[in-house]
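# Descriptive structure summary
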Amino acid sequence: MDKKAIDEDFLRYYNRTLGRDKQHCTSHYLYEALAYTVRDRLMERWKETRYAYEEKDARRTCYLSLEFLMGRSLSNAMLNLGITDAVTRMLYDYGIELEEVETAEHDAGLGNGGLGRLVACFLDSCATLQLPVLGYGLRYEYGMFRQELVNGYQIEEPDHWLRDGNPWELERPEYTQRIHFGGRTESYTDENGAQRVRWVNTHDVLAVPYDIPVPGFRNDTVNSLRLWKSTSTDEFDLDEFNAGDYAEAVESKNNAEHITMVLYPNDASENGKELRLRQQYLLASASLKDVLRRWMRLHGDDFDTLADKHCFQLNDTHPSIAVAELMRLLVDENRVDWDRAWDIVTRSMAYTNHTLLPEALEKWPVQMFQNLLPRLLEVIYEINARFLARVAQRWPGDTDRLRRLSIIEEGDTPMVRMAYLAIVGSYSVNGVAELHSQLLKEGLFRDFFELWPDKFNNKTNGVTQRRWLAMCNPDLSALINEHIGDGWVTKLDKLKGLTKYADDAAFQQRWREVKLANKQRLADMVERDCGVKIATSALFDVQVKRIHEYKRQLLNALHVIHLYNRIKRGDTANWTQRCVLVGGKAAPGYAMAKDIIKLISNVAKIINADPDVGDLLKVVFLPNYRVSAMEVICPGADLSEQISTAGKEASGTGNMKFMMNGAITIGTLDGANIEILEEVGDDNFFLFGLDAAQVAETREDYRPWDIIDADADLYAVMQLLKSGYFNQFEKHLFDDIINSITSASDPWLTAADFRTFIDTQERVAAAYRDQQSWTRMSILNTANSGKFSTDRTMLEYNSGIWNLSPVTPLPL
Ligand code: 26Q
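The sheet built from three strands is open, its strands ordered 15-17-16 with antiparallel pairing. Sheet topology places strand 15 (363-365) and strand 16 (408-409) at the edges, where each strand pairs with a single neighbour. In the packing of helix 16 (residues 418-425) onto the sheet, the strands contacted are strand 15 and strand 17 (415-417), and the crossing angle to strand 17 comes to about 40°.

What follows is the structure, encoded as structure tokens:
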């Protein structure tokens, strides 16, 4: 672990393994040599961790998720191993900056946003808490698309992140699994005279696992993330082959490899795509078979204690076909009785919901299931029949309730409701923030709550402070350590100790200096990626997240246009310089989200070029928002925009990253904002807008035109928009946006929250002018962010759902 040993390995990899020399010193090969050097230091610990789990026969959680948004691994591994200093000094002696090497690593962008990043933070915390938690996911060849902006429009470029190889993965062909699709079912009588079903004439593909190490923080634990890649079985379709269609027969190989080719870039459901269902089933089936393989090696075909030793946590409904697949594996393939199998399933599955938007609840056409997974459809029918029989017992004659609760939605196109399958098959159903969990019980899942009140619970999200403070903000970390020690890295509540420095002028000065340096780093990135120069003296006002109407980037844009109007009419007394940064990806098929990007780009272009504006206001759309960009953005932000329509954002986690890094939130009473406000107090949070109940009430009789007519500022903003000022050569470009804001059925109530947003932003501007009091608020935000560590979240999952015991591996 010391500098000398690291140096020797690094040189050996660089010169001998990679065959490079001083002459052609590219950061990519430096990165690769360093990655191997660091990986070596994980390998033994990884093996010892596996042995320790095996030895203890530890109960474990398998976290099933279609997304793992891991970002970069090198700096995280170095931090957790405790070798960042040694590596920095080693490279320094060669005249190399660590940051240059780190940035050569491609993000592992195997997720859309919040849900995928959340589970990555969970894995970090579980390894740090020494909990036996194993991630199961898909090894997409192409991750989240790279976003480019061309003339203000989003262009999607494929993200071939594996092109230069991936030093963090280990292929494990010995654990390959065979996955079935298609075919049909037939019943037969087994040798004991029992009626059974088998699934025949299937088209099979193989799932090959790749393991990725997940190091804990300086504790010798290295957990695993296992990602499946689909490949062909190399069996030719004989009929086709005999018919002379050799090429077509070989082409079917291709189809198998397509399954894990690309991540679906939608953060709300994309309905009906068969390939997506194939992905979901491949993940569920391969992971469960992997668990049963290991189980049978240790316990034979005795499954009695399987549920005592396993929990399967379902990351949203995406992997929820696992409920039916585990039934099929137990009943059909291992001859367990239905009732005993159901007992095992319902004692091992747990489901986390991440959305309140009803349109985002996954449903699959029954017909598609019939074609692709005929046996699973039968299993689902059986689960549903038995479930509805119980409902009928409890509420005799209540056919409407049966219709509402059925896993199968009747209609012209009957559908399988995946959330209902997940709820029926799980012993725990949780939301991701207090408000969200409450609204699930009152709304979306009310009938189920009435049936099983004890299943429902809340687990408020968090983020890992290792990546989101210690790693991404080293200067602030050093300042904190100097005053309260470094205990917060594993016990985030300790940040409370900063409270007593909140009014200390010398500490405030240091705090501002760190923030300024971080703003400079962010400004450099903005200049490099957008060509816009921004002044670090300005208030950095940041909104980065997926582009979605409910997140209301539009409200932000209206505020910007309002500020522009003020500048143009000379209303600039006591002005606070402001730089508004917006970033995020739009789902490629989401036209309105793409329009919003174009609007912000056009507004930015005009404002930034207007000589009347100068440094008073700058607007930037940051392209290609991703994990590694956030690592630069959140340390440099002053103001965190969390302005969703109340009752729509399940939790949010960007809000927590900003808070931890000393940004102050302007936000609605939505998701985890409510809990952030609770922790930090209303003096240190800019609250505005309707709450969830008022939103519901306002929708009843909503007249945006009345609001616009009664508010001169909003009226002026809408006039400027309508005049085509921001789309001079592209008439009608923003008509859809204007119509949505002015529509009585605008679900997001943008106009309704305009006035209080504008007024609150004015309070923000005034507060920023008093740098002392602003710095105090900033310090108090960091100081009170302790609750939002995923260490806390994981301890709550463990005590409330998983019940795992920590396992300490033998020291090396
Ligand atoms: C579903 C079907 C087909 C294709 C795609 C999808 C799909 C993919 C991703 C549906 C939803 C997602 C992602 C949802 C998500 O990220 N939700 C966010 O989860 C965070 C972590 O809990 C919360 O903080 C956010 O509030 C929530 O929006």
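Right, let's get into the state of the cysteines. Applying the stated criterion across every chain, the model contains zero disulfides. Looking at Cys62, it has no disulfide partner, and the nearest cysteine sulfur is the one in Cys311, 8.2 Å off. Judged by relative accessible area, Cys62 falls into the buried class, the value being 0%. With no disulfide of its own, Cys472 has Cys634 as its nearest cysteine by sulfur position, at a separation of 4.2 Å. Taking relative accessible area as the criterion, Cys472 reaches 4% and is therefore assigned buried.

Moving on to the site of the ligand. Taken together, 21 residues are adjacent to the ligand, and Leu115, His354, Asn461, Glu649 and Gly652 come closest. At 2.9 Å from an oxygen atom of the ligand is found a side-chain nitrogen or oxygen belonging to Asn461. When the ligand is considered free in solution it has 610 Å² of accessible area, and contact with the protein chains removes 94% of it. Considering every element that reaches the shell around the ligand, the biggest residue donor is helix 6 (residues 114-128), with three residues. The residue inventory of the shell around the ligand, partitioned by class, reads six nonpolar, nine polar and six charged.

There is a patch of nonpolar side chains on the surface, built from Val150, Tyr153 and Ile155 and spanning about 230 Å² of accessible area. Within the fold, Ile155 resides in strand 6 (residues 153-157).

What follows is about helix 6. Given 3.6 residues to a turn, an α-helix orients residues that are three or four positions apart in the same direction. For helix 6, built from 15 residues, the straight-helix expectation of 21 Å at 1.5 Å per residue is met to within 8% by its first-to-last C-alpha distance of 21 Å. One or two positions beyond helix 6, positive phi appears at Gln130, with a value near 60°.

Turning next to the sheet that holds strand 20 (residues 539-544). Taken together, the six strands give an open sheet; going across it, the order is 22-21-20-23-24-25, and neighbouring strands pair in parallel fashion. Edge positions in the open sheet fall to strand 22 (617-622) and strand 25 (686-687), since each of these has one partner strand only. In terms of strand pairing, strand 24 (residues 664-667) meets strand 25 through two bridges, oriented parallel. Bridging across to strand 25, Gly667 finds its partner in Leu687.

This paragraph deals with the pairing of strand 4 (residues 133-138). Of all six residues that make up strand 4, six are buried, and the element is covered over most of its length. Residues Val133, Gly135 and Gly137 of strand 4 are buried on one face, and the alternating residues Leu134, Tyr136 and Leu138, pointing to the opposite face, are buried as well. Here strand 1 (residues 60-64) pairs with strand 4 via four bridges, running parallel. Within strand 4, the position partnered with Tyr63 by the bridge is Gly135. Inspection of the sheet shows strand 4 paired to strand 12 (residues 222-231) by four bridges, in the parallel sense. Within strand 12, the residue paired with Gly135 across the bridge is Leu225.

Taking every second residue as pointing to the same face, both faces of strand 18 (residues 428-431) are buried, with Ser428 and Asn430 on one and Val429 and Gly431 on the other. Where strand 14 (residues 349-352) lies against strand 18, three bridges are found, and the strand directions are parallel. Bridging across to strand 18, Thr352 finds its partner in Asn430. As defined by bridge partners, strand 18 adjoins strand 19 (residues 456-458) across three bridges and the pair is classed as parallel. Considered in strand 19, the bridge of Gly431 is made with Asn458.

Attention shifts here to the packing of helix 11 (residues 322-334) against helix 12 (residues 338-348). Contact pair helix 11 / helix 12: the axes reach a minimum separation of 9 Å and the direction vectors enclose 140°. In the crossing of helix 11 with helix 12, the sense of the turn from one axis to the other is right-handed. Residues Val323, Leu326, Met327, Leu330 and Val331 of helix 11 touch helix 12, and the partners they reach there are Trp338, Ala341, Trp342, Ile344, Val345 and Ser348. Residue composition of the contact of helix 11 with helix 12, by class: ten nonpolar, one polar and no charged.

Another aspect to go through is the pattern of salt bridges. Counted by the stated rule, this structure contains 70 salt bridges. Lys3 serves as the salt-bridge partner of Asp93, at 2.6 Å between the closest nitrogen and oxygen. Of the two residues, Asp93 is situated in helix 4 (residues 84-93) and Lys3 in helix 1 (residues 3-17); the sequence distance between them amounts to 90 residues. Note that Arg297 and Glu54 form a salt bridge whose closest N and O atoms lie 3.2 Å from each other. With Arg297 in helix 9 (residues 274-299) and Glu54 in helix 2 (residues 27-56), the pair connects residues that are 243 residues apart, well separated along the chain. Exposure remark for Arg297: the relative accessible area of 51% places this residue in the exposed category.

Before going further, it helps to spend a moment on the environment of Ile801. As for its placement among the helices and strands, Ile801 is situated in helix 33 (residues 790-802). For the pair Ile801 and Arg528, spaced 273 residues apart in the sequence, the C-alpha separation amounts to 46 Å.

For Asn76, the location among the structural elements is in helix 3 (residues 74-81). Exposure remark for Asn76: the relative accessible area of 10% places this residue in the buried category. Not counting the four nearest positions on each side in its chain, Asn76 is found in contact with Asp124, Arg467 and Met471.

Basis of the calculations
Residues numbered from 1 in each chain as written. Predicted model: local features only at pLDDT ≥ 70, side-chain atom pairs only at ≥ 80, totals over all residues. Heavy atoms only, no water. Pairing = 2+ DSSP bridges. Helix = DSSP H or I, 4+ residues; strand = E, 2+ residues; numbered from the N terminus. Contact = heavy atoms within 4.5 Å. Axes fitted to C-alpha atoms, helices over the stretch in contact; angles between N-to-C directions. Disulfide = S-S within 2.5 Å. Buried < 20%, exposed > 50% of the residue type's maximum accessible area, 1.4 Å probe, protein only. Near = heavy atom within 4 Å. Polar contact = N/O pair within 3.5 Å; in protein donor to acceptor, adjacent residues only side chain to side chain. Areas by Shrake-Rupley, 256 points an atom, 1.4 Å probe, with all protein chains shown as cover. Nonpolar A, V, L, I, M, F, W, Y, C, P; charged D, E, K, R; others polar. Patch = residues over 30% accessible without salt bridge, like charges linked within 9 Å, V, L, I, M, F, W, Y side chains within 5 Å. Salt bridge = Lys/Arg side-chain N within 4 Å of Asp/Glu carboxyl O. Expected span 1.5 Å × (residues − 1). Left-handed = near helix turned anticlockwise from the far one by under 90°.

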